[in-house]
Amino acid sequence: MIGSFGWADLGHDAFLVAAFAAMLLSVWLWERHRRGALSSRAEALALGIAALWCLMHAALGPNAIVTQLAEVPRNIGWLVVVYSLFRRDNRHETVAPVRPVLLVLGCVELLQVALAVLQARLGWLPHATTTIFQVSVLFRLLLATGALVLVHNLYAGAMTAQRAAVRRTCMALALMWGFDLNYYTIAYLGGTWPVGMVALRGVAQVLTVVLAAFGTARGASVARFSPSRSVAFQSLSLLVIGTYLIIMVGAAQSLAWMGGNASQLAQLGFAFATTIVILALVPSGRLRGWINVMVAKHLFQHRYDYRAEWQRFTRTIGRANAQPFHTRVVQAMADITDSARGLLLVPGEGGDLVLAARWQWPTLQVPATALSAGAAQFFEQRFFVVDLDEARTGTDHHGELAIIPKWLMIEESAWALVPLVHFDRLVGLVVLGRPPLARKLDWEDFDLLRVVGQQLASYLAEQNGQAALLEASRFDEFNRRMAFVMHDIKNLASQLALLSRNAERHADNPEFRKDMLVTLRNSADKLNALLARLSRYGAGNVERIEPVDAAQVIAAVAARYRTGTETPPVDALASTPCVVMANRETLEQVLLHLVQNALDASLPGMVVLLQTRIEALGGVIEVIDSGSGMSADFVRTRLFTPFVSTKAGGFGIGAFEARELVRAMRGRLDVESREGLGSRFAIRLPLAISGQLEGSGPASNSANAAGTPTENSKKVA
């Protein structure tokens, strides 16, 4: 076992070797610089100062005031080396956030001079000597912690291809200050310099010089540093943690000086208070958002880390078996600005914008027509990101105040409108909610949102194109199948008609013959009617459009569902006559489709209501239920999509057929639905008086005039 003399001898020799090696390396670097070779003057100077400090340490020991003062220029010299490595490629904007940290650490180290003066004057007081020693060690702990943070940021912020140039130098600095951190921690806890650690400190200095020599040989290439936001945030966190530990150690020691029960109570109270503060602040999303904003604002030239943002964007959009695609579009846009919620509006059939998806915003009431067709044209032409906070203050850049609807202006949580434009065509509009930490949008936000909006617009356009191709292929397959079905039904109808004629001629029993004839003729009529209806689907029109009282039609439909004295599942509300231009049989068929869907979506005992009303020159027939309702995404992408059915064994053309039949009668079918609340289907048809006015005009304009009243009518809120 090595005794105290052995430890001292080992430390003495190690510091002498470190001093000789450091001086030799310093002279070599300075000579290289004098000859014009690429070398660091700061590193040569730091090694020279370190050599002098090692000599003093070997000659006088760690307790000498001269040795303690010599460590001050040694540490400052190595801090200058760190600074020179940061600015090696003359990127002053990268060095700017490092300078304040370096200045603070340099000032902390210079305080050792003041402590040395106090030690010289008050050295005869034992209590003062102990206090000065502890304060000095605390300052050295703070310096070591901050220096390690800088070294970590220096290496982690270097580009991958350039890290080899600084790897060994960073290892040397990390070894030196890492050992100092442990050395001063043990010294503080023990109240004196640890003999064994003093000897090992000399060995650590030898290894530091060796690593610095290897680093000098590999550091001829110019390294370019670009610290990322995550590195800066982690480094700041490490610095805060180091400062917190030093404060905790100082507070604990101060409380220990109080002595007695009061010391224990104070320590418990301090620990309890700090724990409560940490538990209250660490989970706070607002605090994390504030820290992120402050780091981005004061430590970087740009707000966004574009590489990280692009990676997160692609992960959100490319996730399989996750949220629906339109919801992921909103989330990908909201993640850019840390928004907590958002909406996606897409162009509807008439050119106006309707709700397509929500992301974490279930409470916002969105009208059936979210934005008018004029607003869609504005965003299509201007491609302008609207700051709703500016709009609420009356700022009008391009006339956006005239097109922003009232429901968005009064919703304080709505923050920005981002258009999604693809080849000068608006394919969507994202409404961003306000982030937890409110801030003002700047030029960088607008530029990034426009770029991301263009990318999302291309994804939406591609998805819409694929959906259209899939629907066209399904229609083609459906048409091929229906051709065979119509051929078979036509043959069957001919056979039944022939059978009825033969039976009429050859049957012996008059009564049987009469019943058979009635049955067969009815069957033939039904088959022929089916053929006629199937033929009309391809032609896109309805025969015999004439004045029909919609109030009588809904009463007849409701009567079909009455059974005895029980409460009818379908009820037609009393209303004034509403005579519209339609085909009665076709209108009844549409209502039966919608009523049956409403009954399927409602619980037993719930009533489906039918009512009519008049709007301007149009009549409205409404089918209202209080069932499960539908999401905006389902209404937009699946409700009117053929061959998509949520019912077991369903063919998926009921709602599609109803809409097409209404269109064939020159009307429109609107849908409003909320999940958990129910749905409202509104059939809008021209009034009979408007149909008569159309007939008196030129034939070429009748088709266009028929749709005008319905297109301008308001949808039910």
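All values reported here derive from a predicted model rather than from experimental measurement.

**Student:** Describe the overall build of the protein, listing the residues and the values that go with them.
**Tutor:** When helices and strands are counted, the protein shows 24 helices and 12 strands. Out of the 717 residues belonging to the protein, those deemed buried represent 43%. Of the contacts made within the protein by residues no fewer than 6 positions apart, 70% connect residues no fewer than 24 positions apart. A total of about 37100 Å² of accessible surface is found on the protein, and carbon and sulfur atoms cover 61% of it.

**Student:** I'd like to hear about the environment of Pro642, residue by residue, with values.
**Tutor:** Relative to the assigned elements, Pro642 resides in the loop between helix H21 (632–639) and helix H22 (654–664). Pro642 gets classed as buried once you look at its relative accessible area, which sits at 1%. Between the C-alpha atom of Pro642 and that of Phe656, which follows or precedes it by 14 residues, the distance is 6.1 Å.

**Student:** Give a description of the nonpolar core that names residues and reports values.
**Tutor:** Counting residues in each nonpolar core, the largest one holds 37 residues, and the members touching the most others are Leu591, Val623, Leu639 and Ile683. At 6 residues, helix H20 (residues 584–601) tops the list of elements feeding residues into this core. In this view, Leu591 contacts Val553, Ile554, Val557, Ile621, Val623 and Ile683; residues no more than four positions away in its chain are not counted. In terms of nonpolar packing, the next biggest core, distinct from the first, is built from 32 residues, Val346, Ala357, Leu420 and Phe446 among them.

**Student:** Could you give me a rundown of the side chain of Glu622, with the residues and numbers involved?
**Tutor:** Considering the arrangement of structural elements, one finds Glu622 in strand E10 (residues 618–625). At 2.4 Å, the side chain of Glu622 and the side chain of Gln611 are in polar contact.

**Student:** Tell me what's going on with a nonpolar patch on the surface, and back it up with residues and numbers.
**Tutor:** A cluster of nonpolar side chains, namely Leu16, Met23, Val27, Leu52 and Leu55, defines an oily patch on the protein surface of about 410 Å² accessible area. Of all the elements in the fold, those that place two or more residues in the nonpolar patch are helix H1 (4–34) and helix H2 (41–60). Sorting elements by how many residues they give to the nonpolar patch places H1 first, with 3 residues. For Val27, the position within the fold is in helix H1.

**Student:** Lay out the packing of aromatic side chains with the relevant residues and their values.
**Tutor:** The full count for this structure, using the stated rule, is 6 aromatic pairs. With centroids separated by 5.3 Å and ring planes inclined at 25°, the aromatic side chains of Trp310 and Phe313 adopt a geometry described as stacked. Within this pair, Trp310 and its partner Phe313 are both found in helix H12 (residues 306–318), separated by 3 residues, close to a single helical turn. Clustering of aromatic rings is evident, with ring pairs tying together Phe179, Tyr183 and Tyr184.

**Student:** Just give me the short version of H12, but keep the residues and values in it.
**Tutor:** Here H12 spans 18 Å end to end across 13 residues, near enough to the 18 Å set by a 1.5 Å rise per residue. If you check which residues of H12 are buried, you get Glu309, Phe313, Thr316 and Ile317. The arc that holds the buried residues of H12, viewed along the axis, is 90°, so those residues lie on one side. Exposed residues lying more than 90 degrees from the buried face of H12 are Arg307, Arg315 and Gly318.

**Student:** Describe in detail empty space enclosed by the protein, supporting the description with residues and values.
**Tutor:** Evaluation of the coordinates by the stated rule reveals 3 cavities of 30 Å³ or more. Its boundaries defined by the atoms lining it, the largest cavity holds a volume of some 60 Å³. In this structure, the largest cavity is lined by Ala22, Leu47, Ala50, Cys54, Trp78, Met176, Gln205, Thr208 and Val209. Looking at the lining of the largest cavity, its residues break down into 7 nonpolar, 2 polar and no charged.

**Student:** Quick one: what's the story with the sheet that holds strand E9 (residues 608–615), residue by residue and with numbers?
**Tutor:** The sheet built from 5 strands is open, its strands ordered E7-E9-E10-E12-E11 with mixed pairing. If you trace the sheet from one side to the other, it starts and ends with strand E7 (570–572) and strand E11 (668–674), each paired once. Neighbour to neighbour, the strand axes of the sheet diverge by 20° on average, direction disregarded. Sheet strands in contact with helix H19 (residues 550–559) are E7, E9 and E10, and its direction is about 175° off that of E9.

**Student:** Outline unusual backbone geometry, listing residues and values.
**Tutor:** Phi at Phe423 takes a positive value of approximately 50°, unusual for a residue other than glycine. With respect to the helices and strands, the residue Phe423 is situated in the loop between strand E4 (414–422) and strand E5 (425–433).

**Student:** Talk me through the environment of Asp335; I want residue IDs and the actual numbers.
**Tutor:** In this fold, Asp335 is placed in helix H13 (residues 325–336). Judged by relative accessible area, which is 15%, Asp335 ranks as buried. Sequence separation of Asp335 and Leu432 is 97 residues, and the distance between their C-alpha atoms is 9.8 Å. Excluding residues that lie within four positions of it along the chain, Asp335 makes contacts with Glu309, Arg312, Thr316 and Trp359.

**Student:** Help me get a handle on the sheet that holds strand E1 (residues 342–347), residues and values and all.
**Tutor:** On the basis of which strands lie adjacent, the open sheet formed by 5 strands has the order E2-E1-E5-E4-E3 and antiparallel pairing. The open sheet has two edge strands with one neighbour each: strand E2 (353–359) and strand E3 (386–387). One ladder, built from 6 bridges, connects E1 with E2; its direction is antiparallel. Note that in E2 the partner of Leu344 across the bridge is Ala357. H13 rests against E1, E2, E4 and E5 of the sheet, and its axis sits at about 75° to E2.

**Student:** Give a detailed account of the packing of H20 against H22, specifying residues and quantitative values.
**Tutor:** Contact geometry of H20 with H22 gives a least axis separation of 9 Å together with a crossing angle of 150°. For the element pair H20 / H22, the angle class is roughly antiparallel. By crossing handedness, the relation of H20 to H22 is classed as left-handed. Two secondary-structure elements touch here, H20 through Thr586, Gln589, Val590, His593, Leu594 and Asn597 and H22 through Gly654, Ala655, Glu657, Ala658, Leu661 and Val662. Here the residues of the contact of H20 with H22 are counted per class, giving 6 nonpolar, 5 polar and 1 charged.

**Student:** Help me get a handle on the pattern of salt bridges, residues and values and all.
**Tutor:** If charged atoms from side chains of opposite charge come close, those side chains can pair. In the structure shown here, the tally under the stated rule is 24 salt bridges. With a shortest N-O distance of 3.3 Å, Arg140 and Glu71 are connected by a salt bridge. With Arg140 in helix H6 (residues 126–156) and Glu71 in helix H3 (residues 65–86), the pair connects residues that are 69 residues apart, well separated along the chain. Taken as a pair, Arg140 and Glu71 share a single burial class, namely buried. Shared partners join several salt bridges into a network, and the residues in it are Arg613, Glu615, Glu622, Arg668, Asp670, Arg680 and Arg684.

**Student:** Give me the lowdown on the packing of H3 against helix H5 (residues 98–122), citing residues and values where you can.
**Tutor:** Two elements in contact, H3 and H5, have axes whose closest approach is 10 Å; the angle formed by their N-to-C orientations is 175°. Overall, the two elements H3 and H5 adopt an arrangement that is roughly antiparallel. Here Ile65, Leu69, Glu71, Val72, Asn75, Ile76, Leu79, Tyr83 and Phe86 of H3 come into contact with H5, specifically with Val98, Arg99, Leu102, Leu105, Gly106, Glu109, Leu110, Gln112, Val113, Ala116 and Gln119.

**Student:** Which residues make up the side chain of Arg74, and what values go with them?
**Tutor:** Tracing the backbone through its elements, the reader meets Arg74 in helix H3. Side chain to side chain, Arg74 and Asp180 meet in a polar contact 2.9 Å long. Non-local contacts of Arg74, meaning those with residues more than four positions away in its chain, are made with Ile49, Ala50, Trp53, Met176, Trp177, Asp180, Arg201 and Gln205.

Parameters at a glance
Residues numbered from 1 in each chain as written. Predicted model: local features only at pLDDT ≥ 70, side-chain atom pairs only at ≥ 80, totals over all residues. Heavy atoms only, no water. Helix = DSSP H or I, 4+ residues; strand = E, 2+ residues; numbered from the N terminus. Buried < 20%, exposed > 50% of the residue type's maximum accessible area, 1.4 Å probe, protein only. Contact = heavy atoms within 4.5 Å. Areas by Shrake-Rupley, 256 points an atom, 1.4 Å probe, with all protein chains shown as cover. Core = buried A, V, L, I, M, F, W, Y, C linked by side-chain atoms within 4.5 Å. Polar contact = N/O pair within 3.5 Å; in protein donor to acceptor, adjacent residues only side chain to side chain. Patch = residues over 30% accessible without salt bridge, like charges linked within 9 Å, V, L, I, M, F, W, Y side chains within 5 Å. Salt bridge = Lys/Arg side-chain N within 4 Å of Asp/Glu carboxyl O. Phe/Tyr/Trp six-rings, centres within 6.5 Å; stacked < 30°, edge-to-face > 60°. Expected span 1.5 Å × (residues − 1). Arc of directions from axis to C-beta. 1 Å grid on protein atoms, 1.4 Å probe; cavity = no way out; pocket = protein on both sides within 12 Å on 5 of 7 lines; lining within 4 Å. Points joined across faces, edges and corners; volume = space filled by probe spheres on them. Nonpolar A, V, L, I, M, F, W, Y, C, P; charged D, E, K, R; others polar. Pairing = 2+ DSSP bridges. Axes fitted to C-alpha atoms, helices over the stretch in contact; angles between N-to-C directions. Parallel < 35°, antiparallel > 145°, perpendicular 65-115°, else oblique. Left-handed = near helix turned anticlockwise from the far one by under 90°.

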